[in-house]
Amino acid sequence: AIAKKCGIIPQNASAEQVRRAVIDGKAFREAVTDENGKLNQAAFDLIWPDLRVMGRSTPLDKHLLVSGLQSSRLPSMPLQTVAVTG
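Residues numbered from 1 in each chain as written. Predicted model: local features only at pLDDT ≥ 70, side-chain atom pairs only at ≥ 80, totals over all residues. Heavy atoms only, no water.

Among the nonpolar cores identified, the biggest contains 11 residues, and these are I23, F28, V32, F44, I47, W48, L51, M54, L64, L65 and L69. Going through the elements one at a time, α3 (25–32), α4 (41–47) and α5 (59–71) are the ones with two or more residues in this core. In terms of residues, this core owes the most to one element, α5, which gives three residues. When sequence neighbours within four positions are dropped, the list of residues in contact with L65 reads F28, F44, L51, M54 and V82. (Core = buried A, V, L, I, M, F, W, Y, C linked by side-chain atoms within 4.5 Å. Buried < 20%, exposed > 50% of the residue type's maximum accessible area, 1.4 Å probe, protein only. Helix = DSSP H or I, 4+ residues; strand = E, 2+ residues; numbered from the N terminus. Contact = heavy atoms within 4.5 Å.)

In structure tokens:
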């Protein structure tokens, strides 16, 4: 709700768009790391283009996000800016 009020997610976003745009830290970490806890860039690149909000995240989740963005080479995506708090 706050992300919609702030314009991070469009007011008219479908449930599917919201599901792809919002993730919590644990689900993010489980989706983008391998069995050794290392970043799986291919898995990360499937998630991040739609990601707008990551809640309840640990410092490791934030590190994975920034590292994944820095390493991503998706041809259709420009360089990204990420804001991390907490």
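Now for unusual backbone geometry. The phi dihedral of R56 falls on the positive side, at around 50 degrees, and the residue is not glycine. By secondary structure assignment, the location of R56 is in the loop between β2 (53–55) and α5.

A word on the pattern of salt bridges. Per the stated rule, a full pass over the model turns up three salt bridges. In this structure, R19 and E16 form a salt bridge, with 2.7 Å as the shortest nitrogen-oxygen distance. Of this pair, R19 and E16 are both found in helix α2 (residues 15–21), three residues apart, which corresponds to roughly one turn of the helix. A residue is classified by how much of its surface remains accessible, and E16, at 39% relative accessible area, is partly exposed. Across the pair R20 and D50 runs a salt bridge whose closest N-O atoms are separated by 2.3 Å. (Salt bridge = Lys/Arg side-chain N within 4 Å of Asp/Glu carboxyl O.)

Of all the positions in α3, only G25, F28 and V32 are classed as buried. In a view along the axis of α3, the buried residues occupy a sector of 65 degrees, so they form one face of it. Of the surrounding secondary structure, the elements contacted by the buried residues of α3 are β1 (22–24), α4, β2 and α5. Put simply, D24 is the residue that caps the front of α3, since its side-chain oxygen is 3.2 Å from the backbone nitrogen of K26. (Arc of directions from axis to C-beta. Polar contact = N/O pair within 3.5 Å; in protein donor to acceptor, adjacent residues only side chain to side chain.)

What follows deals with the environment of R20. Counting through the fold element by element, R20 comes out in helix α2. For the pair R20 and W48, spaced 28 residues apart in sequence, the C-alpha to C-alpha distance is 9.0 Å. In terms of polar contacts, R20 uses its side chain to reach the side chain of D50, at 2.3 Å.

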